[in-house]
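# Topology and contacts: notes
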Amino acid sequence: MKSELPPKKILEWYLQAGVDETIGDDPVDRFAAIEPAEAPEPVPEKETPPPVPAAPAAPAIGADGASGEARRTAAAAQGVDELRAALEKFEGCGLKKTATNLVFGDGNAEADIIFIGEAPGAEEDRKGVPFVGPSGQLLDRMLASIGLDRTAAYISNTVFWRPPGNRNPTTGEMAVCMPFLERMIELVDPKIVVAVGGPAANSLLGQKTSVGKLRGKWFTYSSAGLAQPVEATAIYHPAYLLRTPAQKRAAWQDLLEIRAKMRTLGCRESTNPL
Ligand code: URA
């Protein structure tokens, strides 16, 4: 059937449905792929069915799968650059297949404070840098309001590739990226961890409640490679604040709390924030 719609309208329709990336040069007809070439022969009664051929073996990545491989490669990294190189080679997260770039981290890897968001968006995917789109620009202004910029903070995400169409990362995708995130935090070795938004808060603070209930409170974040538990808190995600400006007042209170904690712990601030 020939479409009556002009191509621009069709593209707009795809965009609204969340299809905003081209993945291959040639279209794939998925319906053709699942249609059997011929109708199956009726199986004669009582006849022993032919042996089912074994499924092709999955590539060997260890008995504990992608998560085990993630843990081993992440643990072996002795610096943030090595960790980035290990992630560049890592094939265990499906998000990599549809992403343009690895979005690893940005800022000062020796900072006293680390901010962890949810997942890269379209702009981050294009540039390979976290928080550079509209919500990243608001995050930069939030940091500046408490004397921080990317020379005095490190910024990353719970997953290192953009979920297609900006969907939320699945728990599986977050789980497979977690050893890399944990190792990143160990290598940066901050005094404060800030989870940006609900999914990061749930995964880093181990709390199953909304960010609205977690913000303004202090928790501890620990992992095996950290010398001691680190002070941790959560803030509203800047994307949420852009949609819900009425919550900016609460976000400002949280930022003041973070600045007070930074001063108590003697954290370095930026010499020239925005
Ligand atoms: N939102 C996030 O959570 N992370 C980014 O890097 C960009 C937008």
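So, how was this worked out
- Residues numbered from 1 in each chain as written.
- Predicted model: local features only at pLDDT ≥ 70, side-chain atom pairs only at ≥ 80, totals over all residues.
- Heavy atoms only, no water.
- Near = heavy atom within 4 Å.
- Polar contact = N/O pair within 3.5 Å; in protein donor to acceptor, adjacent residues only side chain to side chain.
- Nonpolar A, V, L, I, M, F, W, Y, C, P; charged D, E, K, R; others polar.
- Helix = DSSP H or I, 4+ residues; strand = E, 2+ residues; numbered from the N terminus.
- Buried < 20%, exposed > 50% of the residue type's maximum accessible area, 1.4 Å probe, protein only.
- Contact = heavy atoms within 4.5 Å.
- Pairing = 2+ DSSP bridges.
- Axes fitted to C-alpha atoms, helices over the stretch in contact; angles between N-to-C directions.
- Parallel < 35°, antiparallel > 145°, perpendicular 65-115°, else oblique.

## Comments concerning the site of the ligand
The environment of the ligand is formed by G117, E118, A119, P120, E124, P130, F131, S135, N157 and H237. Take F131: an N or O atom from its main chain is 2.9 Å from an oxygen atom of the ligand. Here the shell around the ligand is built from residues that sort into 4 nonpolar, 4 polar and 2 charged.

## As for the side chain of D112
One can find D112 in the loop between β1 (105–107) and β2 (113–117). The exposure class assigned to D112 is buried, which follows from its relative accessible area of 8%. Excluding anything up to four places from it in sequence, D112 contacts P190, K191, I192, G266, C267 and R268.

## A look at the sheet that holds strand β3 (residues 154–157)
Ordered in space as β1-β3-β2-β4-β6-β5, the 6 strands form an open sheet in which the pairing is mixed. The strands lining the two open edges of the sheet, one partner per strand, are β1 and β5 (219–221). Going across the sheet, the axis of each strand differs from the next one's by a mean of 30°, ignoring polarity. Running over the sheet, helix α9 (residues 198–205) touches β2, β4 (192–196), β5 and β6 (230–235) and is turned about 140° from β4.

## Thoughts on the packing of helix α8 (residues 171–188) against α9
For the pair α8 and α9, interaxial distance at closest approach is 12 Å and the crossing angle is 70°. By the angle class used here, α8 and α9 are roughly perpendicular. Residue-level inspection shows M174, M178, L181 and I185 of α8 in contact with α9, the latter providing P199, S203 and L204. For the contact of α8 with α9, the residue count by class is 6 nonpolar, 1 polar and no charged.

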